Amino acid sequence: DLSGQLHGQHLAKEAVVRAVQGFLQSPWPEKALVLSFHGWSGTGKNFVARMLASHLYRDGLKSECVRVFISLFHFPHHKYVDSYKAQLKKQISETVQLCKQSLFIFDEAEKLHVSLLDAMKPFMARYDNKGQMDYRRSIFLFLSNLGGNIINEVALDFWRAGRAREEISMEFREHRLRLELLEPAENSYARSHLLEENLIDFFVPFLPLEYHHVKLCARDAFLARGLPYTEAALEEVARLMVFVPKEEKLFSAQGCKSVSQRINYFL
């Protein structure tokens, strides 16, 4: 499904499949699996999170074993952060008690208060078996726009050098991304203990999408509604999108976001 439906993301496909398969096949994992998805809006982070949920659980996102948190929706006011911490710990504990294998998704993770990230630390740390609940079968996904610009810079450099984006390696990109996240900027990742204690297992970069990827997203949107489409219609949808940088007009500024709404023009 990732190969057929996730466009332009060879790194994400490889990293997610390798990480999740390895985790599920391990009889005694040392800790919960923690993945951090990074990239511009519309590049597929939520799409992959939903796909993972639907493949791991019969009811997908509606499963009682899956909890989705959207930072500004669930934790909007910093003055209530202590109350949020208590709620979050309780919700994670209750879900793990209910389900041996739980999935926790944190959307807009860069907007989480640093205290909330640190509050989750015990659930992601290595299991020491000292009377604590066993969280080792849990999966934590953080979805963030952080690092999107550095990811795009690398993709642009490769394009300008005449190299295929498929040549971009995971090691090169993950290293650059980790350095970017450690910058002492105003981001909660840099100030939390998750990075310095190596609790995040994989930083998964989502590359910016090009014109032909947007056309593929448009094709999928037509097919999802059971509608016929023409090459001219796909071209028209792609042309309606904004592409950056100004000179090259190479990457869709919104990824594939709003593509499905734009096909309404053709109905």
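Residues numbered from 1 in each chain as written. Predicted model: local features only at pLDDT ≥ 70, side-chain atom pairs only at ≥ 80, totals over all residues. Heavy atoms only, no water.

**Student:** Explanation requested: the side chain of Glu-210 in the structure shown.
**Tutor:** Mapped onto the secondary structure, Glu-210 falls in the loop between strand S5 (202–205) and helix H11 (211–224). Residues contacting Glu-210, with those up to four places away along its chain left out, are Arg-165, Phe-243, Leu-250 and Phe-251. (Helix = DSSP H or I, 4+ residues; strand = E, 2+ residues; numbered from the N terminus. Contact = heavy atoms within 4.5 Å.)

**Student:** Would you take a moment to explain the sheet that holds strand S3 (residues 103–107) for this structure?
**Tutor:** Working definition: the strands of a sheet are paired by backbone hydrogen bonds and lie parallel or antiparallel to each other. Across the sheet, which stays open at both edges, the five strands sit in the order S2-S3-S4-S1-S5 with parallel pairing between neighbours. Two strands lie at the open edges of the sheet, namely strand S2 (66–70) and S5, each paired on one side alone. Sheet twist, expressed as the mean angle between neighbouring strand axes with direction ignored, is 15 degrees. In the sheet, S2 pairs with S3 via five bridges, with the strands oriented parallel. The residue bridging Val-66 from the neighbouring strand is Leu-103, located in S3. Contacts from helix H2 (residues 10–25) reach strand S1 (33–38), strand S4 (139–144) and S5, with the element oriented near 150 degrees to S5. (Pairing = 2+ DSSP bridges. Axes fitted to C-alpha atoms, helices over the stretch in contact; angles between N-to-C directions.)

**Student:** Help me understand the state of the cysteines, please; the structure alone is not making it clear to me.
**Tutor:** Each disulfide consists of a covalent bond between the sulfur atoms of two cysteine residues. Enumeration over the complete set of coordinates arrives at two disulfides. One disulfide in the model links Cys-65 with Cys-99; its S-S distance is 2.1 Å. For the disulfide bridge between Cys-65 and Cys-99, the dihedral angle about the S-S bond is near -80 degrees, and by the sign convention the bridge is left-handed. Taken together, the positions of Cys-65 in the loop between helix H3 (45–56) and S2 and Cys-99 in the loop between helix H5 (81–98) and S3 put the pair 34 residues apart, joining distant regions of the chain. Judged by its relative accessible area of 14%, Cys-65 falls in the buried class. Given the relative accessible area of 4%, Cys-99 is considered buried. (Disulfide = S-S within 2.5 Å. Buried < 20%, exposed > 50% of the residue type's maximum accessible area, 1.4 Å probe, protein only.)

**Student:** Explain the domain arrangement of the protein here, please?
**Tutor:** Think of interface size as the accessible area that goes away when the parts come together; that is how it is often given. By the assigned domains, the protein splits into domain 1 (10–206) and domain 2 (211–265). Here domain 1 and domain 2 have C-alpha centroids that lie 28 Å from each other. At the junction of the two partners, domain 1 supplies nine residues and domain 2 supplies 12 residues. For the pair domain 1 and domain 2, the number of links is one salt bridge. (Domains from an automatic or database assignment. Salt bridge = Lys/Arg side-chain N within 4 Å of Asp/Glu carboxyl O.)

**Student:** Please explain the packing of aromatic side chains as it appears in this structure.
**Tutor:** The relation between two aromatic rings is expressed through the spacing of the ring centres and the mutual angle of the planes. In total, this model carries 10 aromatic pairs according to the counting rule given. With a centroid separation of 5.0 Å and an interplanar angle of 15 degrees, the aromatic rings of Phe-69 and Phe-106 are classed as stacked. A residue pair is termed long-range when its members are at least 10 positions apart, and Phe-69 in strand S2 and Phe-106 in strand S3 qualify at 37 residues. By the burial criterion, Phe-69 is buried, and Phe-106 matches it. Measuring from centroid to centroid gives 5.6 Å for Phe-75 and Tyr-84, while their planes differ by 65 degrees, and the two rings are edge-to-face. Considered together, Phe-75 and Tyr-84 belong to a single accessibility category, that of buried residues. Clustering of aromatic rings is evident, with ring pairs tying together Phe-69, Phe-75, Tyr-80, Tyr-84, Phe-106 and Phe-142. Lying over the aromatic face of Phe-23, Arg-137 brings its terminal NZ or CZ to 5.6 Å of the ring centre. (Phe/Tyr/Trp six-rings, centres within 6.5 Å; stacked < 30°, edge-to-face > 60°. Lys NZ or Arg CZ within 6 Å of the ring centre and 35° of its normal.)

**Student:** What exactly am I supposed to notice about the side chain of His-213 here?
**Tutor:** Here His-213 lies in helix H11. Dropping the residues within four chain positions of it, His-213 is found in contact with His-7, Gly-8, Arg-165 and Cys-256.

**Student:** Mind showing me how you'd approach the pattern of salt bridges here?
**Tutor:** A side chain with one charge can pair with a side chain of the opposite charge if their charged atoms come near. The full count for this structure, using the stated rule, is 14 salt bridges. Here the salt bridges do not stand alone but share partners, grouping Lys-215, Glu-231 and Glu-235 into one network.

**Student:** What's the story with the pairing of S3 in this structure? I'm lost.
**Tutor:** Consecutive side chains along a regular strand alternate between the two faces of the sheet. Burial analysis of S3 places five of its five residues in the buried class, which makes it a mostly covered element. Going residue by residue along S3, you find Leu-103, Ile-105 and Asp-107 tucked away on one face and Phe-104 and Phe-106 tucked away on the opposite face as well. Of the strand pairs in this sheet, S3 and S4 are connected by four bridges, and their pairing is parallel. Each bridged residue has a counterpart across the sheet, and for Leu-103 the counterpart in S4 is Ile-139.

**Student:** How should a negative patch on the surface be read in this particular structure?
**Tutor:** A cluster of acidic side chains, namely Glu-153, Asp-157, Glu-180 and Glu-183, defines a negative patch on the protein surface. Along the chain, the position of Asp-157 falls in helix H8 (residues 148–160). What makes Asp-157 partly exposed here is its relative accessible area of 45%. (Patch = residues over 30% accessible without salt bridge, like charges linked within 9 Å, V, L, I, M, F, W, Y side chains within 5 Å. Areas by Shrake-Rupley, 256 points an atom, 1.4 Å probe, with all protein chains shown as cover. Lys, Arg positive; Asp, Glu negative; His and termini not counted. Charge placed at Lys NZ, Arg CZ, Asp CG, Glu CD.)

**Student:** When you look at a nonpolar patch on the surface in this model, what are you seeing that I'm missing?
**Tutor:** Nonpolar side chains collect at one region of the surface, where Leu-61, Val-68, Ile-70 and Phe-73 lie side by side and expose about 340 Å² of accessible area between them. Here Leu-61 is to be found in the loop between H3 and S2. When its relative accessible area of 37% is taken as the criterion, Leu-61 is described as partly exposed.

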